[in-house]
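# Topology and contacts: notes
Single-letter residue listing:
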Amino acid sequence: MVSALGNGVKGGKWFSLIDKVIRPETLDIAWQRVARNKGAAGVDGQSVERFASQADRDLAELQASLADGSYRPHPVKRVDIPKGDGKTRPLGIPTVKDRIVQTALKMVIEPIFEVQFRPGSYGFRPGRGCKDALREVDRLLKEGFTYVVDADLKSYFDTIPHDRLMTLVQGSISDSRVLGLIDGFLRQEIMLDMARWQPVTGTPQGAVLSPLLANLYLHPLDLLMERSGYRMVRYADLAFRSAWLTPTKRWDDFVVLCATEAEARTALDQVGAWVAENGLTLHPDKTRIGDCRQPGQGFDFLGYRFEAGCQFVRDKSLRAFKDEVRAKTGRSRGDSLRRIIDDLDPPLRGWFGYFMHARPRLFRRLDQIVRRRLRAILRKQDRRPSMGRSGADHGRWTNAFFADHGLFTLFAAHESARCSR
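Everything numeric here is computed off the predicted structure, so don't read it as measured data.

What follows concerns the sheet that holds strand β12 (residues 304-307). Reading across from one edge, β11-β12-β13 is the order of the three strands in this open sheet, with antiparallel pairing throughout. The sheet is open, and its two borders are formed by β11 (299-301) and β13 (310-313), each paired with just one other strand. Recorded for the sheet is a direction-independent mean angle of 30° between the axes of neighbouring strands. Where β12 and β13 come together, four bridges link them in antiparallel fashion. Opposite Y304, over in β13, you have V313 as the bridge partner.

And the structure:
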């Protein structure tokens, strides 16, 4: 969007941006994106549906408040969501109006930073995603960069220093009103039940701007690794979701792939020094060096485990898969087999689309789990006693029986994909 603005940049800094942010056309596009993403109501209780019922009026009021400088971000509603391991993760829910303003801001400022970001950064960037990052890791491993610095930033999104982040923003943007909006969103109050407080560090979890700002803060590290000749692959996204990986997972992982152990140790020293100087912390239990050609020295990255020359599905992702299958195939579920299979179909296809490069024998095993659960439902509905994993039930409800009812089969999909290569 910014690239088509013409002038407005001087000395490498953009000094006239607020008029682009508050244009009615920009706010309308931003509203359409917020509406597509849906989401819960914020502290003001206004839902996306309610905003839609009077969108013209509300957008006009929002544009007027932005134009006269009276707009102020609302507090963020804090909720706890399950992480998949019995623990919870805090998530912030901004109001619909704040989401619209943040989306409009992102539309205008993202192109400014996007042209600066480096090839090794993949998270939450236009036209890039986890699959691209995984392909790059696989390429580097095959080229012989098998010593890995597997790094994890401890509570990254919660610990980014506001002042240093704003300094980076100010390196490219000098429009005081745009800077004021960004700073205001960083310092939004948080409300949890009756308590409210103002954060002093971190990017608000659940905010539209947060992934972009998180990428910006690590941009100097990307430059450092690149100029030092290291191959770093980084993915940072506040709310990464892919079918049955881990529920609402924040990815803030990166790996540095090296040709020798000595090179890896030097790279880790540089990373550790940069992290400490910039107010962040490497997780002591999740940061390590290993030769991923050796068993037990592999690394997890974006749902996969790379070890001994193979790609596996990481244990947490497998547990999430099994938990979701169990949730959709309870024995007391009274729906028809067709409806249950239809319910399973989209996530099964999505899971395969992401993990199709895992070892094929895994797909056979997971197919067996799905069919076993479906047979248990049919036994319950047929009021038949349990027959275990084999016996009359298996003969009656064969694998072909489920295929005829439209069940997506992971192993068959893998074989079809392999033959079509």
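In this section: the packing of aromatic side chains. Counted according to the given criterion, the structure contains 15 aromatic pairs. Taking the centre distance of 6.5 Å and the plane angle of 55° together, the rings of Y71 and F185 count as tilted. Of the two residues, Y71 is situated in the loop between α4 (55-67) and β3 (76-82) and F185 in helix α9 (residues 176-186); the sequence distance between them amounts to 114 residues. Each member of the pair, Y71 as well as F185, carries the same accessibility label: buried. Across from the ring centre of Y122, 4.5 Å away, lies the NZ or CZ of R128, which sits over that ring. Note that R364 overlies the ring of F411, its terminal NZ or CZ placed 3.8 Å from the centroid.

Here the focus is the packing of helix α2 (residues 24-37) against helix α5 (residues 96-114). Taken N-terminus to C-terminus, the directions of α2 and α5 make an angle of 115°; their axes are 8 Å apart at the nearest point. In the packing of α2 onto α5, the handedness of the crossing is right-handed. Facing T26, L27, I29, A30, W31, R33 and V34 of α2, the residues of α5 in contact are V96, R99, I100, T103, A104 and M107. Its residues assigned to classes, the contact of α2 with α5 shows nine nonpolar, two polar and two charged.

What follows deals with a positive patch on the surface. On the surface, K87, K286, K316 and R319 cluster together to form a positively charged patch. In this structure, R319 sits in helix α12 (residues 315-328).

The end-to-end C-alpha separation of helix α6 (residues 130-142) is 18 Å, in line with the 18 Å expected for 13 residues at 1.5 Å each. Buried residues of α6: C130, A133, L134, E136, V137, D138, L140 and L141, and no others. In the stretch just after α6, G144 is the one whose phi turns positive, near 105°.

Assignment of secondary structure puts G303 in the loop between β11 and β12. According to the relative accessible area criterion, G303 is buried, its value standing at 0%.

What follows is about the packing of α12 against helix α13 (residues 337-355). At their nearest, the axes of α12 and α13 sit 10 Å apart, and the two run at 170° to each other. Classed by the angle they form, the pair α12 and α13 counts as roughly antiparallel. Contacts between α12 and α13 involve S317, L318, F321 and K328 from the first element and I340, D343, L344, P347, L348, W351 and F355 from the second. For the contact of α12 with α13, the residue count by class is eight nonpolar, one polar and two charged.

A few words on the sheet that holds strand β4 (residues 88-93). Sheet architecture is open: four strands sit in the order β4-β3-β6-β7, paired in mixed fashion. Of all strands in the sheet, those bounded by a partner on one side alone are β4 and β7 (195-197). Taken over all neighbouring pairs, the strand axes of this sheet differ in orientation by 35° on average, direction set aside. Here six bridges tie β3 to β4, and the two strands are oriented antiparallel to one another. Pairing of I81 across the sheet is with R89, part of β4.

In this section: α5. Since there are 3.6 residues in each turn of an α-helix, residues three or four apart along the chain are aligned in direction. Taking 1.5 Å per residue, 19 residues should reach 27 Å; α5 reaches 26 Å between its end C-alpha atoms and fits that length. At V108, α5 is deflected by roughly 35°, the largest bend along its length, and proline P111 occurs up to four residues later in sequence. Counting buried positions over the 19 residues of α5 gives 16, a clear majority of the element.

Attention shifts here to the pairing of strand β5 (residues 147-152). Sheet faces and side chains relate simply in a regular strand, where the side chains alternate between the two faces. With six of six residues buried, β5 is to be regarded as a mostly interior element. Of the pairings in the sheet, the one linking β5 to strand β10 (residues 288-291) comprises four bridges and is antiparallel in character. In the strand pairing of β10, Y147 is matched with D291.

Looking at the chain, the pLDDT average stands at 89 and 90% of residues meet or exceed 70. Of all the helices and strands in the chain, helix α15 (residues 392-396) carries the lowest mean pLDDT, 63, while helix α8 (residues 162-170) carries the highest, 98. This stretch, residues 2-6, has a pLDDT under 50; its non-local contacts, to residues over four places away or in other chains, come to nine contacts. Predicted confidence is poor over residues 239-250, with pLDDT under 50, and the contacts of this stretch with residues over four places away or in other chains come to 45 contacts.

Here is what the cut-offs are and how they apply
- Residues numbered from 1 in each chain as written.
- Predicted model: local features only at pLDDT ≥ 70, side-chain atom pairs only at ≥ 80, totals over all residues.
- Heavy atoms only, no water.
- Pairing = 2+ DSSP bridges.
- Helix = DSSP H or I, 4+ residues; strand = E, 2+ residues; numbered from the N terminus.
- Axes fitted to C-alpha atoms, helices over the stretch in contact; angles between N-to-C directions.
- Phe/Tyr/Trp six-rings, centres within 6.5 Å; stacked < 30°, edge-to-face > 60°.
- Buried < 20%, exposed > 50% of the residue type's maximum accessible area, 1.4 Å probe, protein only.
- Lys NZ or Arg CZ within 6 Å of the ring centre and 35° of its normal.
- Left-handed = near helix turned anticlockwise from the far one by under 90°.
- Contact = heavy atoms within 4.5 Å.
- Nonpolar A, V, L, I, M, F, W, Y, C, P; charged D, E, K, R; others polar.
- Patch = residues over 30% accessible without salt bridge, like charges linked within 9 Å, V, L, I, M, F, W, Y side chains within 5 Å.
- Areas by Shrake-Rupley, 256 points an atom, 1.4 Å probe, with all protein chains shown as cover.
- Salt bridge = Lys/Arg side-chain N within 4 Å of Asp/Glu carboxyl O.
- Lys, Arg positive; Asp, Glu negative; His and termini not counted.
- Charge placed at Lys NZ, Arg CZ, Asp CG, Glu CD.
- Expected span 1.5 Å × (residues − 1).
- Parallel < 35°, antiparallel > 145°, perpendicular 65-115°, else oblique.
- Bend = angle between axes of the 7 residues up to and from the residue.
- pLDDT = per-residue confidence, 0-100.

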